[in-house]
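Structural overview for review
What follows is each chain in one-letter form.
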Amino acid sequence: MPTPPLRLLPWTTPEGNPCYLSTDDSHSLLSRIADDIEAAQLDSGEQVLAGARAVLADRRAGERAVRFALTRATESLEDVLRVAVSRGRRIPHPGE
């Protein structure tokens, strides 16, 4: 019986290392928690994007506002990329 692939989870260890889940049950409690966190991260990314666009459109926005928007956008991009990688790894390949 083949070992199920590890799922990259949407959080890291306190040291910043990736966390993985080994399960063949995509509906397990931890899988559902990870799904919920991924959804929240994607929603947050949409909100951060809207806020960053608003800051960039405001010619009066100061350096602090721009730096804050860029910091949040960077954090959100990191989350969204982790979700994309995780979901991409779970897409079945033809012939599997």
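The rules behind the values
- Residues numbered from 1 in each chain as written.
- Predicted model: local features only at pLDDT ≥ 70, side-chain atom pairs only at ≥ 80, totals over all residues.
- Heavy atoms only, no water.
- Helix = DSSP H or I, 4+ residues; strand = E, 2+ residues; numbered from the N terminus.
- Rg over C-alpha atoms; globule rule 2.2 N^0.38 Å.
- Buried < 20%, exposed > 50% of the residue type's maximum accessible area, 1.4 Å probe, protein only.
- Contact = heavy atoms within 4.5 Å.
- Areas by Shrake-Rupley, 256 points an atom, 1.4 Å probe, with all protein chains shown as cover.
- Expected span 1.5 Å × (residues − 1).
- Salt bridge = Lys/Arg side-chain N within 4 Å of Asp/Glu carboxyl O.
- Lys, Arg positive; Asp, Glu negative; His and termini not counted.
- 1 Å grid on protein atoms, 1.4 Å probe; cavity = no way out; pocket = protein on both sides within 12 Å on 5 of 7 lines; lining within 4 Å.
- Points joined across faces, edges and corners; volume = space filled by probe spheres on them.
- Nonpolar A, V, L, I, M, F, W, Y, C, P; charged D, E, K, R; others polar.

**Focus: the overall build of the chain**
- Looking only at helices and strands, the chain features two helices and two strands.
- Taken from the N to the C terminus, the helices and strands of the chain come in the order β-β-α-α.
- Relative to a compact globule of 96 residues, whose C-alpha radius of gyration would be 12 Å, the chain shows 17 Å and is clearly more extended.
- With the C-alpha coordinates aligned to their principal axes, the bounding extent of the chain is approximately 60 × 30 × 20 Å.
- Burial analysis of the chain (96 residues in total) assigns 21% to the buried set.
- In the chain, of all internal contacts separated by at least 6 residues, the share reaching a separation of at least 24 is 56%.
- On the chain, roughly 7400 Å² of surface is accessible, and the fraction owed to carbon and sulfur atoms is 59%.

**Section: helix α2 (residues 63-90)**
- Counted at 1.5 Å a residue, the expected span for α2 with its 28 residues is 40 Å, and the 41 Å between its end C-alpha atoms agrees.
- Looking at α2, one finds that the buried residues are A69, S76, R82, V83 and S86.
- Buried residues belonging to α2 abut β1 (7-12), β2 (18-21) and α1 (29-57).

**What about the pattern of salt bridges?**
- Counted by the stated rule, this structure contains six salt bridges.
- The closest approach of N and O atoms between R7 and E38, which form a salt bridge, is 3.4 Å. Residue R7 is found in strand β1, and its partner E38 is found in helix α1; the two are separated by 31 residues along the sequence.
- By relative accessible area, which is 8% here, R7 ends up buried.

**Thoughts on the side chain of R82**
- Relative to the helices and strands, R82 resides in helix α2.
- For the buried R82, no salt bridge exists, and the shortest N-O distance to an oppositely charged side chain is 5.1 Å, to E78.

**What to know about the layout of surface pockets**
- Approximately 370 Å³ is the volume found for the largest pocket.
- Forming the boundary of the largest pocket are 17 residues, of which P5, R7, T23, S26 and R90 lie nearest the centre.
- Only α1 and α2 provide two or more residues apiece to the lining of the largest pocket.
- Grouping the amino acids of the lining of the largest pocket by side-chain chemistry returns six nonpolar, four polar and seven charged.

**Comments concerning α1**
- Given a rise of 1.5 Å per residue, 29 residues ought to cover 42 Å, and the 42 Å separating the end C-alpha atoms of α1 matches this to within 8%.
- If you check which residues of α1 are buried, you get S31, A34, E38, Q41, G45, V48, A52 and V55.
- Lining the buried residues of α1 we find β1, β2 and α2.

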